[in-house]
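Next come the chains, spelled out residue by residue.
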Amino acid sequence: MTKIRAAITAVGHYVPETVLTNADMEKIVETNDEWIKSRTGISERRILTNGEPMSFMAVEAIKMLLERRKITADDIDLILVGTVTPDMLFPSTACVIQEKIGASKAWGFDVLAACSGFIFTLVAGMQFIESGMYKKVLVVGADKMSTITNFKDRNTCVLFGDGAGCVLLEPSEDPNMGIMDTIMHVDGKGGKYLNMLGGGSLNPSSHETIDKDWHYVYQEGKHVFKDAVKGMADVSHDIMVANGLKSDDISYLVPHQANMRILTACADRMGLPQEKVMVNIHKYGNTTAATIPLCLSEYWADGKIKKGDNLILSSFGAGYTWGAIWLKWAY
Ligand code: UT7
């Protein structure tokens, strides 16, 4: 029997209108445009200021996707959401989104893999297509990082932004296109370097957790940087080797956007020129689970991705979580 392969058949995204430039950040913390640009590649980021939660951005991204694919929410079988900023701890934001878009027959759940949230969620969604269980799986990567960013900590507050992206997975019409291979990893030993300690069952929210800033992202940047460069470059290279892919075969690396220097190190290791690396960090910063689907949606809309293109999606984030996906663009 021919294998059913899962393919991305539509993309969508949303970013808030409010722009926070590096000059704006200079008014908030002791920092400067030159430091932020040279150390991270970020010039500005978007912040959701209308009081709406993360699901607002996810729903806007989904509306774009449904419109582009010319289907309705009733056609969706399953909604999977990668995020570290759910609207609330429970119910899941998948449930919130299901109600907001009116997806009458869909069920769904959230996936927590931080900056690897989108690729982990994509691999989860892929299973439901490959097994033959479902025909239309919505995979969302969205984060409202401004709600867990400490705007008094210059080490982290310049890095993050808000945004949402989503893709639709369907059985590929051509079994030689779609998601071809995946390599995924976790290593819990990395947990101490990048986390948010408060609000869970270990440290339930209290005056003490608030006083200690445990409701914000904590990161030992230098340590994570070193591990991210190695983890992301290794796994991106490993998936090429495992599938006999040469750098000329690859149309794009679609990397998680944490730091421009990590993207460059990854591309160098894969033997790819800079123009084959999808980049949006300069205008959106690190939008956590949204960085990769945001790239896909904008590059597709600009006509830069073509049917048959080989893409390597790759990410590294809190957990640690990391991995790479090879896919052949199917539409
Ligand atoms: O997305 C999930 C995974 N996350 C990542 O992959 C992030 C990985 N880490 C990074 O991207 C980088 O480590 C950062 C961008 C966070 C920091 O860059 P760095 O080159 O590692 O800088 P650093 O943390 O070693 O700091 C160097 C200096 C320090 O000053 P001293 O101690 O040398 O005097 C910092 O205090 O830069 C200072 N600094 C700043 N200066 C101006 C830190 N943040 C800022 C700032 N503006 N915003």
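See the structure above.
Residues numbered from 1 in each chain as written. Predicted model: local features only at pLDDT ≥ 70, side-chain atom pairs only at ≥ 80, totals over all residues. Heavy atoms only, no water.

Novice: Just checking my understanding: could you explain the overall build of the protein for this structure?
Specialist: When helices and strands are tallied, the protein shows eleven helices and 13 strands. Relative to the globule expectation of 20 Å for 331 residues, the C-alpha radius of gyration of the protein, 19 Å, shows essentially globular dimensions. Once the C-alpha set of the protein is aligned to its principal axes, its extents read approximately 60 × 45 × 35 Å. Evaluated residue by residue, the protein yields a buried proportion of 55% over its 331 residues. Where the 33 positive side-chain charges of the protein centre and where its 39 negative ones centre are 3 Å apart. (Helix = DSSP H or I, 4+ residues; strand = E, 2+ residues; numbered from the N terminus. Rg over C-alpha atoms; globule rule 2.2 N^0.38 Å. Buried < 20%, exposed > 50% of the residue type's maximum accessible area, 1.4 Å probe, protein only. Lys, Arg positive; Asp, Glu negative; His and termini not counted. Charge placed at Lys NZ, Arg CZ, Asp CG, Glu CD.)

Novice: Can you help me understand the packing of aromatic side chains in this one?
Specialist: By the definition in use, this model includes ten aromatic pairs. Each ring, one from W107 and one from F109, has its centre 5.7 Å from the other, and the planes form 40°; the classification is tilted. With relative accessibility at 29%, the residue F109 sits in the partly exposed group. Ring centres of Y252 and Y299 lie 5.7 Å apart, and the angle between their planes is 75°; on these two criteria the pair is classed as edge-to-face. With Y252 in strand β11 (residues 252-255) and Y299 in helix α11 (residues 291-301), this residue pair connects regions lying 47 residues apart in the sequence. Just as Y252 is buried, Y299 falls in that class too. Through a chain of ring-to-ring contacts, the aromatic side chains of W107, F109, F128 and Y134 assemble into a single cluster. The ring of Y299 carries K304 above its face, with NZ or CZ at 5.0 Å from the centroid. (Phe/Tyr/Trp six-rings, centres within 6.5 Å; stacked < 30°, edge-to-face > 60°. Lys NZ or Arg CZ within 6 Å of the ring centre and 35° of its normal.)

Novice: I keep staring at the pattern of salt bridges and nothing clicks. Help me out?
Specialist: Pairing is possible between side chains of opposite charge, provided their charged atoms come close. A full pass over the atoms with the stated rule returns twelve salt bridges. The partner of K105 in a salt bridge is D77, and the shortest N-O contact between them spans 3.7 Å. Placement of the pair is K105 in the loop between α4 (93-101) and β5 (107-111) and D77 in the loop between α3 (54-69) and β4 (78-82), with a sequence separation of 28 residues. Of the residues examined, D77 reaches a relative accessible area of 12% and is grouped as buried. Linked by salt bridges that have partners in common, R69, K136 and E170 make up one network. (Salt bridge = Lys/Arg side-chain N within 4 Å of Asp/Glu carboxyl O.)

Novice: It is not clear to me how the sheet that holds strand β7 (residues 162-171) should be interpreted in this structure. Could you clarify?
Specialist: Strand pairing in a sheet relies on backbone hydrogen bonds, with the paired strands running either antiparallel or parallel. Taken together, five strands build an open sheet; the order of strands is β1-β7-β6-β4-β5 and the sheet is mixed. The sheet is open, and its two edges are formed by β1 (6-14) and β5, each paired on a single side. Across the sheet, the mean angle separating the axes of adjacent strands is 20° when strand polarity is ignored. Across five bridges, β4 lies against β5 in parallel orientation. The residue of β5 that forms the bridge with I79 is G108. Strand contacts of α4: β4, β5 and β6 (137-144), with the helix running at about 130° to β4, the strand carrying the most contacts. Of the strands in this sheet, β1, β6 and β7 touch α11, which is tilted by about 90° from β1. (Pairing = 2+ DSSP bridges. Axes fitted to C-alpha atoms, helices over the stretch in contact; angles between N-to-C directions. Contact = heavy atoms within 4.5 Å.)

These results come straight from atomic positions and should not be treated as a statement about function.
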